[in-house]
Amino acid sequence: MTTVAIVVALIVVVAVVVAALARAKGQLSPPSSQAARQTSTPRSAPPGRATPVSTGGAPPDQRAKSVPRMGLAPESLPASALVPDEARASVSGGARVPRKDVANLRKGLAVARGGFIAKLSALFQNAKEFDPALLAQVEEIMLTGDVGPKTTGAILTRLRESLGRNELRSEESVWAALREESTRILAIGGGGIRITAKPTITLMVGVNGVGKTTTIGKLATRYGALNKKVILAAGDTFRAAAVQQLEVWGKRVGAEVIRGKEGADPGAVAFDATNRAKEGGADLLFVDTAGRLHTKAPLMDEIKKVRRTIGKAMDGAPHETLLVLDGTTGQNALQQAVMFRDALDLTGIVLTKLDGTAKGGIVLAICDELRVPVRYVGLGERAEDLREFQAEEFVEALFGRGDEDVAAA
């Protein structure tokens, strides 16, 4: 009897254990599917693992904290995504500025949007129909916005062609046509300075008061934050204040400043600075120059001499020759650009003080008539207000419609 009881008890225990295992198996995923989930690659992940880029800015652990907001793990992002937004285009070789920055760019262009853009907005909103008479009014507004007669004429020709094809039926279609044509004009190049040689030498030129020295300081700040070794050359030897201003920037960003005696030959300063940059392993050399009237031939000849002197110190240099223009001067800036382009091999234009002018259309005129790309635009006093120029973002910020429309003039 005892033996039978023991057998029965064992059978009951085995039955309980089997039932428990069955319940557990129903709650757990099969090992094969679980392994598949562990080994499968997320659809959004790239095939390789990116190496984080050192920016000289926030520590890696702080930069990583911003990644979850994008919904991706650090290892599934390109290296440039771990770089602060304001430096990303420089690191990634000209990648587009993040779309979220369009809002900040639009704020910087608020005066321009409140000028001729607001007038266009009021015109379109009040238009009962889109006809040749309306385009005549568009032409007048664009001319007052310093778009220039040649560029305005080209844009209006395209709009008339679209009107003839019955494509301009609504306000939005007109804005779309303006954005498309503006993007076509502006998309001739752009983006920041590329380090193509060691050192990469940039010659900054322009008339008095346009902001050459300040622009150099802002560029030095940008590249210093990317752990690039920067040297500055005080080539404006005729104005002591310019040398002092450059030295202040140099101390602020930790950049060595090469200077000569007051009144020294600017070509000699540029020559010495080029050799110092080569010997010191600098990544970038920015050469400041004296402001000069574009209508004075001797002064223009002198800047040509400075450029040739740099070339003697280093083959292929300067690698960039950037013309700095004051955006508030409108058509006068365009005339300056024509003279400097004819005298020098310009690689780009820096358009400063755009935050203070209602005539932002000068950007279109410069790119269309000179075929020289805008590389940077200045939208404020801070170093980060010097922004790399990207055509699509600029057009969206200037002409974009939506919740942030400017009030009608």
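As shown above, the structure is provided for reference.
Residues numbered from 1 in each chain as written. Predicted model: local features only at pLDDT ≥ 70, side-chain atom pairs only at ≥ 80, totals over all residues. Heavy atoms only, no water.

*Asks:* Would you take a moment to explain the overall build of the protein chain for this structure?
*Replies:* Counting secondary structure elements, the protein chain contains 16 helices and 8 strands. The buried share of the protein chain, taken over its 409 residues, is 46%. Contacts spanning at least 24 positions in sequence make up 77% of the contacts within the protein chain whose residues lie at least 6 apart. Within the structure as shown, the protein chain displays about 20,100 Å² of accessible surface, and the carbon and sulfur contribution to it stands at 54%. (Helix = DSSP H or I, 4+ residues; strand = E, 2+ residues; numbered from the N terminus. Buried < 20%, exposed > 50% of the residue type's maximum accessible area, 1.4 Å probe, protein only. Contact = heavy atoms within 4.5 Å. Areas by Shrake-Rupley, 256 points an atom, 1.4 Å probe, with all protein chains shown as cover.)

*Asks:* Looking at this structure, how should I read the sheet that holds strand β5 (residues 320-326)?
*Replies:* Sheet strands pair by backbone hydrogen bonding; their relative direction is either parallel or antiparallel. Pairing in this open sheet of 8 strands is mixed, and the strands run β3-β2-β4-β1-β5-β6-β7-β8 from one edge to the other. The outermost strands of the open sheet, each flanked by one partner alone, are β3 (256-258) and β8 (386-388). Going from strand to strand, the sheet's axes swing by 25° on average, the running direction of each strand aside. Summarising the sheet, strand β6 (residues 348-352) and strand β7 (residues 374-378) pair through 3 bridges and their orientation is parallel. Among the inter-strand pairings, isoleucine 349 is bridged to a residue of β7, identified as valine 374. (Pairing = 2+ DSSP bridges. Axes fitted to C-alpha atoms, helices over the stretch in contact; angles between N-to-C directions.)

*Asks:* I keep staring at the pattern of salt bridges and nothing clicks. Help me out?
*Replies:* Scanning the entire structure with this criterion turns up 17 salt bridges. Notably, a salt bridge pairs aspartate 283 with lysine 198, separated by 2.7 Å at the nearest N-O pair. One end of the pair, aspartate 283, is in the loop between α12 (266-279) and β4 (284-287); the other, lysine 198, is in the loop between α9 (171-186) and β1 (200-205), with 85 residues separating them in the sequence. Here arginine 382 and aspartate 385 are joined by a salt bridge, their closest N and O atoms 3.0 Å apart. Through salt bridges with shared partners, a single ionic network connects Arg158, Glu181 and Arg184. (Salt bridge = Lys/Arg side-chain N within 4 Å of Asp/Glu carboxyl O.)

*Asks:* What exactly am I supposed to notice about the packing of helix α6 (residues 110-126) against helix α7 (residues 132-144) here?
*Replies:* Packed helices, taken two at a time, are described by the angle between their axes plus the distance between the axes. Running from amino to carboxyl end, α6 crosses α7 at an angle of 165°, the nearest separation of the two axes being 9 Å. Taken together, the axes of α6 and α7 lie roughly antiparallel to each other. Relative to α7, the crossing made by α6 is right-handed. Where α6 approaches α7, its residues Phe116, Lys119, Leu120, Leu123 and Phe124 are matched on the opposing element by Leu134, Gln137, Val138, Ile141 and Thr144. Residues belonging to the contact of α6 with α7 are distributed by class as follows: 7 nonpolar, 2 polar and 1 charged. (Parallel < 35°, antiparallel > 145°, perpendicular 65-115°, else oblique. Left-handed = near helix turned anticlockwise from the far one by under 90°. Nonpolar A, V, L, I, M, F, W, Y, C, P; charged D, E, K, R; others polar.)

*Asks:* Would you mind showing me how to read the environment of phenylalanine 130 here?
*Replies:* Structurally, phenylalanine 130 is set in the loop between α6 and α7. Of the residues examined, phenylalanine 130 reaches a relative accessible area of 16% and is grouped as buried. In this structure the C-alpha to C-alpha distance between phenylalanine 130 and glutamate 167, which are 37 residues apart in sequence, comes to 10.0 Å. Sequence-distant contacts of phenylalanine 130, that is, excluding residues within four places in its chain, are made with Phe124, Leu163, Leu168, Arg169, Ser170, Glu171 and Val174.

*Asks:* Is there a simple way to explain α7 in this structure?
*Replies:* In an α-helix there are 3.6 residues to a turn, and that puts residues three or four apart on one side. End to end, α7 covers 19 Å across 13 residues, agreeing with the expected 18 Å (1.5 Å per residue, within 8%). Taken together, the buried positions of α7 are Leu134, Leu135, Val138, Ile141 and Met142. End-on, the buried residues of α7 take up no more than an arc of 115°, which puts them together on one face. Away from the buried face of α7 by more than 90 degrees, exposed residues Pro132 and Glu140 are located. In the core, the buried residues of α7 are packed alongside α6 and α8 (149-164). (Expected span 1.5 Å × (residues − 1). Arc of directions from axis to C-beta.)

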